[in-house]
Amino acid sequence: MEIAAKVVEKVMDLTFVVPMREIGYMWNCKQHVDKFKSEVQNLKDMKGRIQQKIELAKNKGDNLVHGVEDWINAATAEILKAEEFITEEEGNAKKTCFGIGLCGNWSTLHHYGKKATEETVPLTELQKRGTTYDNCEIAIHTPAPSQLDCYQNKHLDGINTQNSALGDIIAAIEDESIQIIGIYGVGGVGKTTLAKEVNSRVKSMFADVAFTTISKNFDVERIKNDTENARKRIMKGEKILIILDDVWEELNLDELCIPWGIQHMNCKILLTSRSKHVCENMNAQSVICVNSLPQEEAWILFKHVVGDKVETDTDLTSVAREVAKECGGLPLVINVIGKTLKNKGMSSWNATLTQLQKNALKNKDVDATIETVYDRLKLSYDYLKNEARWCFLQCSLFPEDSKILLEDLVIYRVGLEKSKEVESIEDVRSTVQNAVNILRSYGLLLDANMENGYSEYFIRMHDVCRDMALLIANEGSTNHFLVMAGEGLTEWSPRNNIQQSYTGISLMRNRIRKLPEYHISFPHLEAAYLQGNDLRSISDEFIEGIKNARVLDLANNDISSLPQSLTMLSQLRMLNLKGNKYICEISIIGELKGLEILILNDTGIQEVPECIGQLVNLRRLEVADCVRLSYIPPDVISKLGRLEELRIHFTVHCKEVHECLAAVNCLSKLTCLKLMVPSLRDIPEDFSFDKLKVFSINIGRDDRSFDFGYVWNLKRHLALNMDYLVLPFFKWMKKLIEISRPSISLSKIENLNNVIPDLDQEGFINIERIGLVSCKNVTCVVDKCDWEGNANEKFLREVKRLSLVELDKLEVLWKCPDEFISLTNLVNLYIAVCGKLVRLFPMSVAQGLVSLKEVYIGSCRNLEEVIWGETETDEVIVFPCLTTIGLHRCYKLKSFYSGGSCSIKYPSLVKVTLYSCPKMEMWGHGSHETPKLKFVNNVPLDGHYSINDAIVKVSMAQKLAYQN
């Protein structure tokens, strides 16, 4: 019976169900096709949403969850297949029918309906798979590079004192019975450098290394944040090293939530301090003293800093040896004094030696152990000219170990300027930059090591140099500073007997909620720095007490209203209210007739009041990121005839925007404009950019990734973030390029296949920066397949930075004969998520990369080689400036260089990182000389291993990880 039932069921299926289904394909063809098209659109929408999440994650530098990129690729392929099907089938239908609904060709209807039904299935299945990515987080947070990642190994050959200490520290770390190791020594002896050097030598022993600077006035929450990931991994049982740098007093590790003790021996703690007692009080089982260098080792280090001329110049040698001797064996002092004298003549060397021998600075309040440091460092300060001295002292007003934005120094310098000859702001910026360069060259200021690639716009100060700067300032007659920046204060109650002499007070980055509401008097005060607190209001008593101030920085507080007493600040020239989101009414500012710089970014204002037009001395105005801003009266702008720099964001297209920019166009002294507008229609046709020395124009979507708010000396930049470039836009942009040669950022433009010639062949020849992001139809940067121009006419010849991101169809960088490409000026190359790229540079072009410093290539899944092409066996190729190479998530990458066995030299290369490149088993054929490269990832190159040997080890480790 059961068998008979199955037979009947099969017969019924063949007799009725199958035919009815086949007939349904024909009769319901239109419904099937409409459903198919609807599912195609649904998949497109889902892909768009997920792609946006991917872009956001990648902009943050985060990794993606496994599978999401595969899903995007599958969705892209399925959508492309569906669109081809629609185009092909509707074309066939039109040949035989009036339309799908009126078609009498039953075979066509049946075929189309059936095919549409079948093709709908993978679309709906992809949507089901994509629901997880659409509804959940797709990013895995990737921490930004730390101080340890940016550290470059030091040359310690012949410096036995530090090598010995280094060996002792490493031995203590390797000893399983020791958990806490302390390093101590006087300021400037090199403790922090040794700690970082230790990390580079032992990090392969640990799953992770965390580094945090404690400082004299430490922030518990910041330390917890710096060590958070490490603490979690310790609790999982992983082996972790935590470095606590610059510890001034005993720390409670329990309060810092750092696991330690017998139950957490997988956590090693390395701390540095000026005090042996601090190390002992923190239960360090091994306490290692870092001694100053003996005379001969100090001389070796001094030679590293100054150069061989101290030995080859016989007249200089004896003086130089005495100078090195007087540096007290302290590496910090040796570096500063050496850099100060490096390019000086004999008279300067002799004068410095005389001063060193006199013991120039004496102060009974200075700790005796570091008095020598101050004595010697002040000599470098004495060599400085006034501007460099001002910058040096001004940097001491910022919290210890903070990153200092150079533009802050510029606006403070403008506000405090007293000379009758008024410099332009651009001149002030150049003066500050020159002063900072001098201070950097002397070692009195340090690089900031910013993670976002904008280190050149920030600096920082060694804590010893900061202490010295404060000491010098408070001994002088012209400056007297009260500095309590970054000390965690919740209140500030100055005493009457200390208020009279201060010229500057810095309370920045504390937690102060209110200012004194009793009488205070700072009659000589010129600058008050109160940014980064929790101030809700400004008291009248405080305003009255600083009535002669010229600079007032109230940025990033919670102030909701400005007091009427603000009008008492008749000398005020710089007012910064940035980040006070609750300030809505600012009319009182119109009474501050002396203002030259006014910053209103990220405040709650809805419009710029008419009274701001009374500030006829205003030279710089910033009104950006004000989300409620809807109106700026054109006549306000037109009255500001002395305006030199303007930063303004319009987020909504309206008539007033056009009128306001027409007024901007009439400002005769305006040299710098940073502008964001929704559309090209907002810019008047006759707007003139040729008078501007600096501009940053963002047209289209409100995309802050192209807004260089704090970079005022990025000469000329144009950012376009829109779907389509239309003919008027092409004409406008061509004219702009012809007159100004700006750097270009293009984002999400669909009707763009290339840069040259689509945008402008001639104009782009001299462009210095090109950025392409998410332009989905770009197949190359230069498209001149049949180019037969003059051999002297080189494309890309002036490009210094080339950034190519998320270009799905990018196949090659250029489509023209290689001899018409020149990359001799290229400094930075950044390529990410360009899935069709297979290889980058032929050797004939790569040989011209003489300026290239940094290369990053990431998530280019089909990339197989970076440099390719044959050369002569005995040929020597040099990349003289290349310092950093990052190759990440290039799953098919086989080698950096795939050509013949030539000799390639990388004399400046110090950093190579290789992640998720499982097929890369060698760097390249032939010999590759990397004299300064110490590591590839965690694999050391210690003289016995070449870069090819290191790649083999890295590849084996990554293959294992990839398989797991």
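Presented here is an overview of the structure given in this document. No experiment lies behind these values; they were computed from the predicted model shown. (Residues numbered from 1 in each chain as written. Predicted model: local features only at pLDDT ≥ 70, side-chain atom pairs only at ≥ 80, totals over all residues. Heavy atoms only, no water.)

1. A short note on the overall build of the chain
- When helices and strands are counted, the chain shows 25 helices and 38 strands.
- For the chain, with 964 residues in total, the buried portion stands at 52%.
- Of all intrachain contacts in the chain linking residues separated by at least 6 positions in sequence, the fraction that spans at least 24 positions is 68%.
- Surface exposure of the chain reaches about 43,200 Å², of which carbon and sulfur atoms provide 50%. (Helix = DSSP H or I, 4+ residues; strand = E, 2+ residues; numbered from the N terminus. Buried < 20%, exposed > 50% of the residue type's maximum accessible area, 1.4 Å probe, protein only. Contact = heavy atoms within 4.5 Å. Areas by Shrake-Rupley, 256 points an atom, 1.4 Å probe, with all protein chains shown as cover.)

2. Things to note about helix H7 (residues 191-202)
- Given a rise of 1.5 Å per residue, 12 residues ought to cover 16 Å, and the 16 Å separating the end C-alpha atoms of H7 matches this to within 8%.
- Along H7, nine of the 12 residues are buried, which leaves the element largely enclosed by surrounding structure. (Expected span 1.5 Å × (residues − 1).)

3. Some remarks on the nonpolar core
- One finds Phe 542, Ile 589, Ile 699, Phe 841 and Leu 887 to be the most contacted residues of the largest nonpolar core, which totals 151 residues.
- In terms of nonpolar packing, the next biggest core, distinct from the first, is built from 49 residues, Cys 395, Leu 397, Phe 398 and Ile 597 among them. (Core = buried A, V, L, I, M, F, W, Y, C linked by side-chain atoms within 4.5 Å.)

4. With respect to the packing of helix H16 (residues 386-395) against helix H17 (residues 406-416)
- Between H16 and H17, the shortest axis-to-axis distance is 11 Å and the interhelical angle comes to 115 degrees. By the angle between their directions, the pair H16 and H17 is classed as roughly perpendicular. Crossing handedness for the pair H16 and H17: right-handed. Across the interface between the two elements, Glu 387, Trp 390, Gln 394 and Cys 395 of H16 pack against Leu 409, Tyr 412, Arg 413 and Leu 416 of H17.
- When grouped by side-chain class, the residues that make up the contact of H16 with H17 number five nonpolar, one polar and two charged. (Axes fitted to C-alpha atoms, helices over the stretch in contact; angles between N-to-C directions. Parallel < 35°, antiparallel > 145°, perpendicular 65-115°, else oblique. Left-handed = near helix turned anticlockwise from the far one by under 90°. Nonpolar A, V, L, I, M, F, W, Y, C, P; charged D, E, K, R; others polar.)

5. Focus on the environment of Lys 191
- Within the secondary structure layout, Lys 191 lies in helix H7.
- Between the C-alpha atom of Lys 191 and that of Asp 245, which follows or precedes it by 54 residues, the distance is 8.4 Å.
- Here Lys 191 is in contact with Ile 183, Tyr 184, Gly 185, Val 186, Thr 272, Ser 273, Arg 274 and Val 290, once residues within four sequence places are set aside.

6. Considerations on the sheet that holds strand E28 (residues 839-842)
- With respect to topology, three strands assemble into an open sheet ordered E28-E30-E33, the strand pairing being parallel. Across the chains shown, the open sheet's two edge strands, defined by having one partner strand only, are E28 and strand E33 (895-897). The mean inter-strand angle of the sheet, taken between neighbouring strand axes irrespective of direction, is 25 degrees.
- Pairing analysis gives three bridges linking E28 to strand E30 (residues 865-868), with the strands arranged parallel. (Pairing = 2+ DSSP bridges.)

7. Considerations on the sheet that holds strand E6 (residues 267-273)
- The strand order across the open sheet built from five strands is E4-E5-E6-E3-E7, with neighbouring strands paired in parallel fashion. In this open sheet, the two edge strands, each paired with only one partner strand, are strand E4 (208-213) and strand E7 (286-289). Neighbouring strand axes in the sheet, compared pairwise and without regard to direction, differ in orientation by 15 degrees on average.
- Pairing geometry for strand E5 (residues 240-247) and E6, over six bridges, is parallel. Across the sheet, the residue bridging to Ile 242 is Ile 269, located in E6.
- Of the strands in this sheet, strand E3 (180-184), E6 and E7 are in contact with helix H6 (residues 160-174), which crosses E7 at around 170 degrees.

8. Remarks on a positive patch on the surface
- There is a patch of like positive charges on the surface, built from Arg 861, Lys 892, Lys 894 and Lys 919.
- By the secondary structure assignment, Lys 892 is in the loop between strand E32 (884-888) and E33.
- On the accessibility criterion, Lys 892 (35% relative accessible area) is partly exposed. (Patch = residues over 30% accessible without salt bridge, like charges linked within 9 Å, V, L, I, M, F, W, Y side chains within 5 Å. Salt bridge = Lys/Arg side-chain N within 4 Å of Asp/Glu carboxyl O. Lys, Arg positive; Asp, Glu negative; His and termini not counted. Charge placed at Lys NZ, Arg CZ, Asp CG, Glu CD.)

9. As for the packing of aromatic side chains
- Applying the stated rule across the entire model yields 14 aromatic pairs.
- Look at Trp 492 and Phe 522: their rings are 6.2 Å apart centre to centre, the planes differ by 20 degrees, and that puts the pair in the stacked class. Note that Trp 492 is positioned in the loop between strand E11 (481-483) and strand E12 (504-506) and Phe 522 in the loop between E12 and strand E13 (527-529), a separation of 30 residues in sequence.
- The exposure class of Phe 522 is buried, given its relative accessible area of 1%.
- Taken together, Trp 492, Tyr 502, Phe 522 and Phe 542 form an aromatic cluster joined through their ring pairs.
- Between Lys 203 and the ring centre of Phe 935, over which it is positioned, the NZ or CZ distance is 5.5 Å. (Phe/Tyr/Trp six-rings, centres within 6.5 Å; stacked < 30°, edge-to-face > 60°. Lys NZ or Arg CZ within 6 Å of the ring centre and 35° of its normal.)

10. Some words on the pattern of salt bridges
- This model, assessed by the stated rule, comprises 32 salt bridges.
- Put simply, Arg 619 and Glu 596 hold a salt bridge, and the shortest N to O gap is 2.8 Å. Of this pair, Arg 619 sits in the loop between strand E16 (597-599) and strand E17 (620-623) while Glu 596 sits in the loop between strand E15 (574-576) and E16; the two residues are 23 residues apart in sequence, bridging distant segments of the chain. The burial state of Arg 619 is the same as that of Glu 596; both residues are buried.
- Arg 647 serves as the salt-bridge partner of Asp 625, at 3.9 Å between the closest nitrogen and oxygen. With Asp 625 in the loop between E17 and helix H21 (634-639) and Arg 647 in strand E18 (residues 645-649), this pair connects stretches of sequence that are 22 residues apart.
- The class for Asp 625 is partly exposed, based on a relative accessible area of 23%.
- Look at the salt bridges and you will find they share partners, linking Glu 407, Glu 426, Arg 429, Arg 620, Glu 622, Asp 625, Glu 645 and Arg 647 into a network.

Nothing here speaks to function; it is geometry throughout.
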